[in-house]
Amino acid sequence: MLSKTLQSGLADYGIGEKIRGLRLKKKMGLVELGAHTDLSAALLSKIERGRLFPTLPTLLRIALVFAVGLDFFFAGPRDQPLLAIVRRKDRLRFPAQPGRREGSFRFESLDFTATERRFNSYLAEFFPATPETMTRHAHAGVEFIHVLKGALDLDIGRTAHTLQAGDSIYFDAGVTHGYRRQGARPCQALIVVTP
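Read on for a plain summary of the structure.

Quick notes on the rules
- Residues numbered from 1 in each chain as written.
- Predicted model: local features only at pLDDT ≥ 70, side-chain atom pairs only at ≥ 80, totals over all residues.
- Heavy atoms only, no water.
- Helix = DSSP H or I, 4+ residues; strand = E, 2+ residues; numbered from the N terminus.
- Buried < 20%, exposed > 50% of the residue type's maximum accessible area, 1.4 Å probe, protein only.
- Contact = heavy atoms within 4.5 Å.
- Areas by Shrake-Rupley, 256 points an atom, 1.4 Å probe, with all protein chains shown as cover.
- Lys, Arg positive; Asp, Glu negative; His and termini not counted.
- Charge placed at Lys NZ, Arg CZ, Asp CG, Glu CD.
- Pairing = 2+ DSSP bridges.
- Core = buried A, V, L, I, M, F, W, Y, C linked by side-chain atoms within 4.5 Å.
- Patch = residues over 30% accessible without salt bridge, like charges linked within 9 Å, V, L, I, M, F, W, Y side chains within 5 Å.
- Salt bridge = Lys/Arg side-chain N within 4 Å of Asp/Glu carboxyl O.
- Arc of directions from axis to C-beta.

### A look at the overall build of the protein
The helix and strand inventory of the protein stands at 6 helices and 10 strands. For the protein, the spread of C-alpha atoms along the three principal axes comes to 60 × 35 × 25 Å. Counting the 195 residues in the protein, one finds 35% classified as buried. Contacts in the protein between residues at least 24 apart in sequence constitute 62% of all its contacts with a sequence separation of at least 6. Counting every atom, the protein has about 11,800 Å² of accessible surface; 55% of that belongs to carbon and sulfur. Between the mean site of the 28 positive side-chain charges and the mean site of the 19 negative ones, the protein shows a separation of 3 Å.

Here it is, written out as structure tokens:
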């Protein structure tokens, strides 16, 4: 049990309010956030309402979903220009879907250390897949893809596109879409997504 002094000190950071703000900004429910963090919706609700303070590992799980650093929850008003560097060796790698290893792509977050991000950027690696096994998804915002190497098949709604190295595409990410590598050569792309 935390003392009143510790409870008051932690409450000043407004961690629960910040988590709720991030979640609502992404238009995500407590159950969906729970699926991404392996935490129960009831626990997340208590944290958001300030009835429970998360441990650092729990807070880090939540931070990774929203691609913010732990400093986001503890920093006061910014008195330095916004700047974040992610070294190649420190990139975070994610599968196409949480909890699954296989899929038609995997991605690395290129900007997870930045707080107050206006977009998310990823380096994606694509794998061969059939139209039936292609991982499809939709999300709020827009998406920009620039193919760095190889050839990428991209299905947006009912329309198929093929992009070669050097090609780019910008589209409404609210339309169901999926990606797969074309051919045997490795395929990588830079992906930028707005929330």
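### A closer look at the pairing of strand β7 (residues 159-164)
One ladder, built from 6 bridges, connects strand β6 (residues 151-156) with β7; its direction is antiparallel. The residue bridging Asp153 from the neighbouring strand is Thr162, located in β7. Hairpin connection of β6 to β7: 2 residues between the antiparallel strands, including Gly157 at a positive phi of 60°.

### Observations regarding the nonpolar core
Membership of the largest hydrophobic core comes to 18 residues, with the highest contact counts inside it found for Phe126, Ile145, Leu152, Leu154, Ile169, Tyr179 and Ile191. Residues contacting Phe126, with those up to four places away along its chain left out, are Ser104, Phe105, Leu152, Tyr179, Arg180, Arg181, Cys187, Gln188, Ala189 and Ile191. With 14 residues, the next largest nonpolar core counts Met28, Leu33, Ala63 and Val68 among its residues.

### What about the sheet that holds strand β9 (residues 177-182)?
The strand order across the open sheet formed by 4 strands is β4-β9-β6-β7, and the pairing between neighbours is antiparallel. The two strands at the open ends of the sheet, each matched to only one other strand, are β4 (136-137) and β7.

### Some words on a nonpolar patch on the surface
Together, Tyr13, Leu56 and Phe74 make up an exposed nonpolar region whose accessible area comes to about 280 Å². Mapped onto the elements, Leu56 comes out in helix α5 (residues 56-65). The class of Leu56 is exposed, set by a relative accessible area of 52%.

### Observations concerning the environment of Thr133
By secondary structure assignment, the location of Thr133 is in the loop between β3 (120-126) and β4. Sequence separation between Thr133 and Gly178 is 45 residues, and the spatial gap between their C-alpha atoms is 9.9 Å.

### Topic: α5
Among the residues making up α5, those that are buried are Thr58, Leu59, Ile62 and Ala63. When α5 is viewed along its axis, its buried side chains cluster within an angular range of 140° and face the same direction. Among the structural elements, α2 (15-25), α3 (30-37), α4 (41-48) and α6 (71-74) are those in contact with the buried residues of α5. Ala67 sits one or two residues past α5 and shows a positive phi near 55°.

### Structural notes on α4
Those residues of α4 that fall on the buried side of the exposure criterion are Leu44, Ser45, Ile47 and Glu48. Taken around the axis of α4, the buried residues stretch over an arc of 160°, which confines them to a single face. For α4, the secondary structure elements touched by its buried residues are α2, α3 and α5. Gly50 sits one or two positions beyond α4 and adopts a positive phi of about 75°.

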